[in-house]
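An overview of the molecular structure
Below are the chains, spelled out letter by letter.
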Amino acid sequence: MENWIPRSEKFKRKKVGKHWIMFLSFLLVATPFFPIIAQENDVLAENGGREGIQSSNVSPVFILERDAVPVDPALTIDISTTTSLDQASIVINDFMVGDTLNFNNQNGISGTYNDNNGVLTLTGNATLADYEDALRSVTFSTISTGSMVRDITVTIGAALYFDPTQHFYEFVPARGISWTEAKVKAGERYLYGRQGYLATITSDEENNFVKEKAEGQGWLGASDWYETINSALGENRYANQGEAEGNWYWVTGPEAGMKFWEGEADGSPVNGMYNNWHHEEPNDYGEGEYYAHIFGPAGAPWSTPSTASQYYGYWNDYANEEDVDGYMVEYGGLSTDNIAPVDISMGKTLKVFLLIHPLTENIIVNATDNSVTVTGVPDNTVVKIYFGEDLIRTSELVSGSVQLDDIPLNEGDTVHVSFTEEVKGVESDRAEQIAVVRSDAIVMENATLDSLENGNVLLVEEVPVGAKISVYDEDGNLLVEEINNSGSTSTLQLDVGLHDVVKVSITESNRLESDRITVFSESLKKEMEDAIDEANGALDRANQTKLDYRESGGHTDDAVYRDVEEAIQVVEDILAAEPVNREALEEATASLNDSVEALKEVQDILALENAILEAENTIADGEKAMENHLFVGGEDSELEFINVDTRISILQDLLNAEPKDREAIENATEDLQQAVEELEKATAAKDLDNLVKAAVDAKKRAEEEQGNYETAGGKTEDSVYENVASAIRELDDALNAEPKDRDELELATESLQLAVDELERARKDLEYANAMKELANSITSAEKVLELAGNAMRRYISAGGTISDDVYTSVEQAVVQLKALLGEDPQNREAIEEAIRELVTRILALDTLTEEMIQAAKSEETEEGDVEISLPEEQVEEESALSEEGAGTETTMENLPKTATTMYSILLAGLILLSIGLLLLFGGQRRKPRFYC
């Protein structure tokens, strides 16, 4: 059974361990009675929940110096198993001296309040309703300010409830009762199913609660008697008292068998278990002191009233038959408890507040500024302003002081002020104050601060009677005050020591202090003016440098930029203060100048980088401008071109120099930019000239193409022709405009070129069609000539010629040539026509020879017999046709016989007609394109 539990675990054991044991035991014992319990729960449900005493939702608040308040004016008592009670108690758990529970005896119920421990005991048999009314009537009051909260427990019955252990405690008065008898008597006591036992104490909190409830010396459930220990352990651990002596155990309640102390007064706790022995105890004085008790409020029997507190609440060992005042019974935590579903206690938290009221002297009602200023405000407090009973202004939660503005005030108005602290939620009493106006500071404007040998003196003229002049140093500390008690308006002279700067105010009778005016000595005024001028100049320079820095590409979040901004703010704040602190201003101005110089250094670096970048870009622009100028036909010898080239060289030299001269680079860049502009103008003029020339050329080409189109058989009313004419008109308008618009001129030229291209395509289509017709005619002529050639060759052979004759083979070759040309793809019309002419010439030559041969044969026949030789009819027709085809040949007629001459003449005439036709068809064209089909 010696399972020791650390002191910190005691509450858990009592709250959890005991309850689990009780619950498991209850399941084993009470299972047969579940139907009965269910019936009782039905009754409870009808009564609205658990039985017993229940607290209400009322949250009581007691205000010090005000009336007592009910602890719970709406608590309820509802128990179905009884109709009466004979005792109840109200306990202030965190009792403070000065706390009081007030009760008026009623309905047979009497109350007894113990002002030493904060316990109000109600006794007397009465109905539940009577006890309910009695408990509702209990009020709380106190004169103590030691704690702002009281936890109060109300219990029905004789026992008192302790929330940390959730157990109940009762001191049973029994003068002279022995420990063994008290142990038996405690076990015979029950509280709604909870069996009693001599109290066991395992924490300082529990001990404090028990001692406050003890009415005298009371037995506890601890012993070092071996038989008692063995009984608690359930085994014979110790054979005799000699073995057990000094081994102290809890022998009652849930802790029975738990050893908590070993030894006498010089002993020690076991495993850190809680104990509260008096420093001289336990000591087994006189032998036989085997049982523990607790000292009550009166202390030990041998103590005096002055020494009672030295024993109060401590433990001591006594003999079994020692004379004590009673015993302390504890209820709860036993596994055998059969706890009835009745709440026998309830808790209530009562707040105790001492209200803080506003003080009249802490209220300033300023009718000049229409404001009310209140000081001495508690933390997190709402301040309210009243006119009479009318609330006119409520502040937010404030602390220390508050100024409420825009309150319509007139001199002499009465204003009331109250506090409502957030933690208390109760409004304080109201304090009143009269509205007054601010004193007029005009008389201070003529105050002068003169320097004397022993210090400075402030002179204030025309001070009204009863007015007070107050002089402060620069930090607002009062130096000197003086009231004009002369009985008339006069000048006051106040010694201010070595102060060169003071603040001065006036307070007239029944008025507020005026604004404070800063007064400087004459020498300091000049220094101050110079310092202010220097500061303003530094501000101007700083703002300009900031602008330059941003324009150079610097960022506002750069550290050097922020340093300047912060330095500017410091200077501006000092200038805005009243009075201006000259030394601080001079220091801040110097700091600002340093920050500006640092920013300017960075800005110079950025400016140089920007200048270099601008220079490089300008060089690139210049080179591009030179390239463009040459592209449009400009010359590198032109002045504008030379100027750009020269300035690029100058700027490039500056960029290559070390160190770099930013100003020189910027000037050279500007010169180059101007030269580039001039060159671009010259380029633009040259470009415009080129466009004009191109436009004129385009127009000339258009007019030529129009003529070609007409020659090819096109008509002027054709749309492609009209498009060209229209484009020419638009181009003429652009050429004639002054000044000429380059874009319009270029667009008109391009439009004309497109129209001419379209016209050219149309003209070529016409020429192609004509050429195809000519080719077809040539092919037809070729086929006819080939037929004539065949006839001529047959006649030649008939006349006696041979195929090996040169004249025959020449015709044959010409025929082969013509056929070859006809078989080509594409066909060459001109070559075909040339071949036709060649073949006709050779046919004529062949026919001439053939005719000669025929004539020679006829002559021979005539000589022999004058026989006439006649040609067949078909041969005569062929010769006629051949003569027609061969007209125009170069064969001379003088060498031909008469018959041959006639035939030749016919052929020549045919050739002439053919040639004239060809000339008429092709000779009239301006151009004679060559087609191959």
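Here the structure is a predicted model, which means the values were calculated and not measured.

Here's the deal with the overall build of the protein chain
When you go through the protein chain residue by residue, the secondary structure sums to 18 helices and 35 strands. Counting the 933 residues in the protein chain, one finds 43% classified as buried. Counting only contacts in the protein chain whose residues sit at least 6 apart along the sequence, the fraction spanning at least 24 positions is 69%.

Quick notes on the packing of aromatic side chains
Per the counting criterion, the structure on display carries 23 aromatic pairs. Judged by centre distance (6.3 Å) and plane angle (70°), the rings of phenylalanine 162 and tyrosine 169 are edge-to-face. By relative accessible area, tyrosine 169 is classed as buried at 1%. Ring geometry for tryptophan 250 and phenylalanine 260: centres 4.7 Å apart, planes at 20°, overall stacked. Of this pair, tryptophan 250 sits in strand 16 (residues 247-250) while phenylalanine 260 is found in strand 17 (residues 258-262), placing the two residues ten residues apart along the sequence. A residue is classified by how much of its surface remains accessible, and phenylalanine 260, at 0% relative accessible area, is buried. One aromatic cluster in this structure is built from Trp248, Trp250, Phe260, Tyr274, Trp277 and Trp315. Its end group placed over the ring of phenylalanine 209, lysine 213 keeps NZ or CZ at 4.3 Å from the ring centre. Positioned above the aromatic ring of tyrosine 386 is the side chain of arginine 430, whose terminal nitrogen or guanidinium carbon lies 3.6 Å from the ring centre.

Examining the sheet that holds strand 35 (residues 517-520)
With antiparallel pairing, the four strands of this open sheet are ordered in space as 32-31-34-35. Two strands bound the open sheet, and with one partner strand each, they are strand 32 (478-483) and strand 35. Here the strands of the sheet are splayed against their neighbours by 25° on average, with no regard to which way each runs.

Focus: the side chain of asparagine 276
Note on placement: asparagine 276 falls in the loop between strand 18 (268-269) and strand 19 (291-294). Within the structure, the side chain of asparagine 276 is placed 2.8 Å from the backbone oxygen of glycine 313, a separation counted as a polar contact. Among residues more than four places away in sequence, those in contact with asparagine 276 are Asn207, Gly313, Tyr314 and Trp315.

Some thoughts on the sheet that holds strand 30 (residues 455-463)
Taken in spatial order, the three strands of this open sheet run 29-30-33, and their pairing is antiparallel. Bordering the open sheet on either side are strand 29 (448-452) and strand 33 (490-497), each of which pairs with just one other strand. When strand polarity is set aside, the average angle formed by the axes of neighbouring strands in this sheet is 30°. Pairing of strand 30 with strand 33, which is carried by six bridges, proceeds in the antiparallel orientation. Paired with asparagine 456 across the strands is glycine 497, a residue of strand 33.

A closer look at unusual backbone geometry
That bond from glutamate 738 to proline 739 is cis: its omega, -5°, falls within 30 degrees of zero. Mapped onto the secondary structure, proline 739 falls in the loop between helix 13 (719-736) and helix 14 (742-798). In this structure, tyrosine 192 takes a positive phi of about 45° despite not being glycine. With respect to the helices, strands and loops of the structure, tyrosine 192 is situated in the loop between strand 13 (190-191) and strand 14 (194-198). Judged by its relative accessible area of 25%, tyrosine 192 is partly exposed. A positive phi angle, close to 60°, is found at asparagine 510, a residue other than glycine. By secondary structure assignment, the location of asparagine 510 is in the loop between strand 34 (501-507) and strand 35. Among the residues examined, asparagine 510 registers a relative accessible area of 70% and is labelled exposed.

Some remarks on the side chain of lysine 211
Within the secondary structure, lysine 211 sits in helix 5 (residues 204-213). Despite being buried, lysine 211 has no salt bridge partner; glutamate 212 is the closest side chain of opposite charge, sitting 6.0 Å away. Residue contacts for lysine 211: discarding those within four places in its chain leaves Ile294, Tyr312 and Gly313.

With respect to the pairing of strand 7 (residues 110-114)
Pairing of strand 7 with strand 8 (residues 119-127), which is carried by five bridges, proceeds in the antiparallel orientation. Looking at strand 8, one finds that asparagine 114 is bridged to valine 119. Where strand 7 folds back on strand 8, the antiparallel hairpin that results is connected by four residues, among which glycine 118 adopts a positive phi of roughly 75°.

Here's the deal with the nonpolar core
Core analysis: the biggest nonpolar cluster contains 61 residues, and Ile77, Ile90, Leu122, Leu135, Phe140, Trp219 and Tyr327 have the highest contact counts within it. Look past the residues within four positions of isoleucine 90 in its chain and what remains in contact with it is Leu101, Gly118, Val119, Leu120, Leu122, Leu135, Val138, Ile152, Thr153 and Val154.

Comments concerning the pairing of strand 24 (residues 363-366)
Inspection of the sheet shows strand 24 paired to strand 25 (residues 371-387) by four bridges, in the antiparallel sense. The residue of strand 25 that forms the bridge with valine 365 is valine 372. Hairpin connection from strand 24 to strand 25: four residues lie between these consecutive antiparallel strands, with asparagine 370 at a positive phi of about 55°.

What to know about the pattern of salt bridges
Counted by the stated rule, this structure contains 43 salt bridges. Lysine 213 is the salt-bridge partner of glutamate 212, the closest N and O atoms lying 3.4 Å from each other. Here the two residues glutamate 212 and lysine 213 agree in accessibility, since each one is buried. Where salt bridges share partners, they join Arg701, Glu705, Asp757, Glu760, Arg763, Lys764 and Glu767 into one cluster.

Section: the confidence of the model for the protein chain
Of all residues in the protein chain, 87% attain a pLDDT of 70 or more, and the chain-wide mean is 85. Scored below 50 in pLDDT, residues 1-48 shows 84 contacts in the model against residues more than four places distant or in partner chains. Below a pLDDT of 50 lies the segment residues 915-933, which in the model reaches 35 contacts outside its immediate sequence neighbourhood of four places, other chains included.

Comments concerning the packing of helix 8 (residues 522-551) against helix 9 (residues 559-576)
Their axes nearest at 10 Å, the elements helix 8 and helix 9 cross at an angle of 155°. Comparing their axes, helix 9 and helix 8 come out roughly antiparallel. Like other packed secondary-structure pairs, helix 8 and helix 9 cross with a definite hand, here left-handed. Residue-level inspection shows Ile532, Ala535, Asn536, Leu539, Ala542, Asn543, Lys546, Tyr549 and Arg550 of helix 8 in contact with helix 9, the latter providing Val560, Tyr561, Val564, Glu565, Ile568, Val571, Glu572 and Leu575. Per-class residue counts for the contact of helix 8 with helix 9 are eleven nonpolar, two polar and four charged.

Focus: a negative patch on the surface
A cluster of acidic residues, Glu474, Asp475, Asp500, Glu583 and Glu587, forms a negative patch on the protein surface. Residue placement: aspartate 500 occurs in the loop between strand 33 and strand 34.

As for helix 11 (residues 639-656)
Between its first and last C-alpha, helix 11 extends 26 Å over 18 residues, near the 26 Å set by a 1.5 Å rise per residue. Along helix 11, the residues classified as buried are Phe641, Val644, Ile648, Leu651 and Leu655. Angularly, the buried residues of helix 11 cover 100° about the axis, an arc narrow enough to put them on a single face. Exposed residues on helix 11 whose side chains face more than 90 degrees from its buried face are Leu639 and Asp653. Tucked into the core, helix 11 has its buried residues touching helix 10 (582-631) and helix 12 (662-711).

Examining helix 15 (residues 806-822)
With 17 residues, helix 15 should reach 24 Å at 1.5 Å per residue; the first-to-last C-alpha distance of 24 Å fits that figure. For helix 15, the set of buried residues is Val807, Tyr808, Ser810, Val811, Ala814, Val815, Leu818, Leu821 and Leu822. Viewed along the axis of helix 15, the buried residues span an arc of 165°, placing them on a single side of the element. Away from its buried face by more than 90 degrees, helix 15 exposes Asp806, Gln813, Val816 and Lys819.

Basis of the calculations
- Residues numbered from 1 in each chain as written.
- Predicted model: local features only at pLDDT ≥ 70, side-chain atom pairs only at ≥ 80, totals over all residues.
- Heavy atoms only, no water.
- Helix = DSSP H or I, 4+ residues; strand = E, 2+ residues; numbered from the N terminus.
- Buried < 20%, exposed > 50% of the residue type's maximum accessible area, 1.4 Å probe, protein only.
- Contact = heavy atoms within 4.5 Å.
- Phe/Tyr/Trp six-rings, centres within 6.5 Å; stacked < 30°, edge-to-face > 60°.
- Lys NZ or Arg CZ within 6 Å of the ring centre and 35° of its normal.
- Pairing = 2+ DSSP bridges.
- Axes fitted to C-alpha atoms, helices over the stretch in contact; angles between N-to-C directions.
- Polar contact = N/O pair within 3.5 Å; in protein donor to acceptor, adjacent residues only side chain to side chain.
- Lys, Arg positive; Asp, Glu negative; His and termini not counted.
- Salt bridge = Lys/Arg side-chain N within 4 Å of Asp/Glu carboxyl O.
- Core = buried A, V, L, I, M, F, W, Y, C linked by side-chain atoms within 4.5 Å.
- pLDDT = per-residue confidence, 0-100.
- Parallel < 35°, antiparallel > 145°, perpendicular 65-115°, else oblique.
- Left-handed = near helix turned anticlockwise from the far one by under 90°.
- Nonpolar A, V, L, I, M, F, W, Y, C, P; charged D, E, K, R; others polar.
- Patch = residues over 30% accessible without salt bridge, like charges linked within 9 Å, V, L, I, M, F, W, Y side chains within 5 Å.
- Areas by Shrake-Rupley, 256 points an atom, 1.4 Å probe, with all protein chains shown as cover.
- Charge placed at Lys NZ, Arg CZ, Asp CG, Glu CD.
- Expected span 1.5 Å × (residues − 1).
- Arc of directions from axis to C-beta.

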